[in-house]
Amino acid sequence: MDSLTVHRRKPDISEIRNRASAKNRQEGKQISLELSKVIKLLTDPLTVKLKERHLFVLKKLLKRNHIGFLLKELSGIAKILDICAERAKDHPEYVLILCEALKLCRLPFLKERTSDELTYAQDTIDFLSHMGCLMRVSDAEVRQNLVECVRSFYSCVVPKLLLDGTDPPTKPKLRTVPSNSRFSRLSLRLQQTSTSYRLQLLEYSDLPQTFLLSMVALENQPNIRLQLLHTLQLLSSSSDLNCAALLCARGAETICLHMNEADPSGQVLIRSTEILWNLVERCNKEEVTEQLSSLECVVSLKEAFLHHMLNKSQPSNVQLRNDLLVITSLLAESPKSQLVESFFARQLVIFAISPELRSHNALVPDFKMDFSLEDMKLKKLLLNLLVLMSSDFAAQQIYKEERVMLALLTLVKPPEASSAPHRSGSRHWSALQGEELQLQALATLATLAPILLDDYKLYQGNACLLMLLDWCVVPDSYFGQGQSFHSIGGRGSKKAQMRLCIRALRSITSLCEESVNQDLCDQGIISQLLGILNQMEESPDEDDAIALEVIADIQLILSTLCEPDMHRKELFGSEGVEMVLHFLKKGTERFYSGLGHNKLILSTVDCVWSCIVGCYTTEDYFLAKEGTFLLLDLLSTSPGCVHGIVLSTLLELCDNPNTLSHILSWRPSGGGSAPGLLLQMWRQEEEMLGVARDPHGAIADPRRPILTRSQQEDAQHSFPAHSPGAAVLELSENLRSKIYSIFCKIGFQELPGLTRKDYVTLSIIRRYLDFKVGEVWDEISQELREGGVRPISPDQKALSSICSITEDTARRVMEDQRSIIELQQKEESSEEELLYTEITVNSHCKQKELAAKSWDNYVSRTSNYEVLKEVKAQREKCSSSSKPEDSRNRPTEHVIGHVMTVEHTDDPGLEGVNVKLASTNIKSASLNNEETMTRDPEYFSTVSIGD
């Protein structure tokens, strides 16, 4: 009997995987179906009152999800939490469910696949928004758990949950899933979402706004309110989107209005201040300022600041006081702030002038500074606040009433003078603190002195600043610390004090208040400033930006003082002229160095214009020292942004008759003359302006001889009746009017160093005023046409005549330019003919010399046999060493080229010349003696072989 063999087929691995995945999907579907059954149980009208059944099912649901909620179930969990929140009002039993659910929300969410994070992102955002809405539950335990839950998102260490049922390596042990649970099998393939996943989606939820709005409901729960502020601080410090969401819900205003509520711990104000700081740093400052500028917010800030200003029991109060003052400084920049209306501005001003001055105002209680580091910061912030509030006219009145100018002048006194009134044993600012406050006060004075000019004159501000300036230049043992912002670059010297003192004097003199400027001149400021400049010239430092700034500011002060008064220009004198010449000689090599050489050049030229021009004594000394040459050198080497002021200065100097000879005699290093330089600048200016010119630089269109591209564009637009037209505005926008004015001074005839191209340009400049007048009348005619206005017949005829005269003038100029160009072409042609004639003559002379030399060689060889043998041997030796075998018997040829004829065509330059050349072949006499002996000497004559 045959045995039967049974073969068992091994199952396919892919089939097992498919079965497993189908089984998992079925289990996930069953879990989702169970969640929907829970929701139906809670909401169905037939089972809505089965509270015990509800609690049993909810506890079972939470027990099943004790390791975290699935991402795909968050939508259903959110609905269940909302239902429990509604039931918790009447049934406190649901509160425990909410608290347990919120504790589970602290755990990371779970995902089955990597794509679940993206698939269920919107469900997660909605879930977080629903979590925030749980703040409506009045129970303190729910609110506390909710706040702690959100705060746990920002915990740095999140315990890693082991989803395979094993114990974690650290205590306490995590609960494992019972083996009889269907969820245990599903948990084997679950993964935690990343720690940053919830934080990223939290930024797009409504939770930050909901937490902010719920602060109003926490007035009777101070502990939870403090924890909520802590959470809001975390939210605002971690994300710009969270800050934007808080600000959109008027978070700055809400936080500020609740920052002074009763709080024994004092943490509410600290947390609120931190939140405001985060909003200022991460959001739009203008929007934050707009929310804090209301009267209620300013009053709240004032109360908080005054409380900590007068209460120094704890170091945190002192630091918090300064932080509140920084936020107040932000408000002071806004014109809509209510600092003056809330009486906060006056209180800040009184604090700012202490301890230099004592105020008896009853609004501010008396307080004393302990001159600590925090008080130093407070003093500097208050001085800065004076600058920020100075744009408000009401604040300026407070400054006058509280004698702010006197306090500033007290601070800027030199250290010896300011330290003299201190009594022995009295506390005061240290030397380092005194230096920082002195520099801060000088910077503040530069802004407030022009505003409070009456107080500045009343308290003798000029004398105080000049005394400080004297102290700055006197060598002594003072050693600057240079550790503040305003003392940069002044360590070990008084350079920082001099810089800010000069800057304050510049801001005061720039007002052109005659009484103040005259008082400065009476006290000898001109000679004092010139002495400082001479002292700085002795130790020049080309890389010292602070020194360059001081020199430029001093020159601006001298220009402002000397420009309107002839006597002050005389006081400027030869010493000032020498100073100006010294800086003009530096040139423009370092104009773009970034250290301030550009400002120095401009201030130096302005000093020439304001302090020298107009006074014949200083002008003559300036001309005698070749100052005009230096200005022209500067004009030829400087960039275009300097040309305007240099040309204006030269134009003013041309009123002196001695200037013209200096201008005409100037010669640049590269050749040329001053008129040629001005004509070149004119051509460059017209090229930049887009004026129509032909290749020779002549007028291309007689109807628009000097019209620019911008004028053609502006012709399409109409100008108001009270404003000048484009033709008039163009005069001040380019250099052509200045160049024309200078030529009117030096003349248009017999100018040195000009080319034919320069004469073409000069013919346009000569008629510039006529062309400009024609442009103005043409604009008038166009405006009348656009306005629909028809002039009367005589006026219309006059307008037509003016336009035709301008065009005729342009055509005559074009004829003159054409004749100049033709003359130039003739001269070039004659020069070329002369050149080629010289070439021809030289060629004939060379030809004759070669022929004579050849004849002498021939005679010497035929008359002396020894010479003939020597020449023959030498040639054979050279021929054998330099030529191949097949070419040794080839005769050697010598060719002489010469010019036969020269013809000219209409083409310009060398292309218009045709030259015919001829060559002469001279054979060597040593090739064949018999043939050479029978040839006639005429063999060496030239023969033309064609072109």
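Since the structure is predicted, the reported quantities are computational estimates derived from the model, not experimental observations.

Visitor: Explain the packing of helix H11 (residues 222–238) against helix H12 (residues 240–248) to me, and be specific about the residues and the numbers.
Guide: For the pair H11 and H12, interaxial distance at closest approach is 5 Å and the crossing angle is 120°. By the angle between their axes, H11 is oblique relative to H12. Residues Leu232, Leu235, Ser236 and Ser238 of H11 form the contact with H12, whose participating residues are Asn242, Cys243 and Leu246. Residue composition of the contact of H11 with H12, by class: 4 nonpolar, 3 polar and no charged.

Visitor: So what about the side chain of His308? Which residues, and what values?
Guide: Inspection of the secondary structure puts His308 in helix H16 (residues 295–310). Once residues within four sequence positions are removed from consideration, His308 is found in contact with Leu269, Asn317, Leu320 and Arg321.

Visitor: Lay out the state of the cysteines in plain terms, naming residues and giving numbers.
Guide: Note: disulfide means a covalent bond formed between the sulfur atoms of two cysteine side chains. Under the defined criterion, the tally for this structure stands at 0 disulfides. With no disulfide of its own, Cys149 lies closest to Cys105 among cysteine sulfurs, the gap being 5.0 Å. Owing to a relative accessible area of 0%, Cys149 belongs among the buried residues under this scheme.

Visitor: An account of unusual backbone geometry is needed here, citing residue identities and associated values.
Guide: Residue Pro355 is bonded to the preceding Ser354 through a cis peptide linkage, with omega at 5°. One non-glycine residue with positive phi stands out, namely Arg250, at about 60°. Mapping Arg250 onto the fold places it in the loop between H12 and helix H13 (251–257). One non-glycine residue with positive phi stands out, namely Gln460, at about 55°. Relative to the assigned elements, Gln460 resides in the loop between helix H24 (453–458) and helix H25 (461–473).

Visitor: Residue-level account of the confidence of the model for the protein, with values.
Guide: With 81% of its residues at a pLDDT of 70 or more, the protein has an overall mean of 82. Here residues 1–31 is a poorly scored stretch, pLDDT under 50, and it has 12 contacts once near neighbours within four places are set aside; other chains count. Counting contacts from residues 922–947, a segment whose pLDDT is below 50, to residues more than four positions away or on other chains yields 38 contacts.

The rules behind the values
Residues numbered from 1 in each chain as written. Predicted model: local features only at pLDDT ≥ 70, side-chain atom pairs only at ≥ 80, totals over all residues. Heavy atoms only, no water. Axes fitted to C-alpha atoms, helices over the stretch in contact; angles between N-to-C directions. Helix = DSSP H or I, 4+ residues; strand = E, 2+ residues; numbered from the N terminus. Parallel < 35°, antiparallel > 145°, perpendicular 65-115°, else oblique. Contact = heavy atoms within 4.5 Å. Nonpolar A, V, L, I, M, F, W, Y, C, P; charged D, E, K, R; others polar. Disulfide = S-S within 2.5 Å. Buried < 20%, exposed > 50% of the residue type's maximum accessible area, 1.4 Å probe, protein only. pLDDT = per-residue confidence, 0-100.

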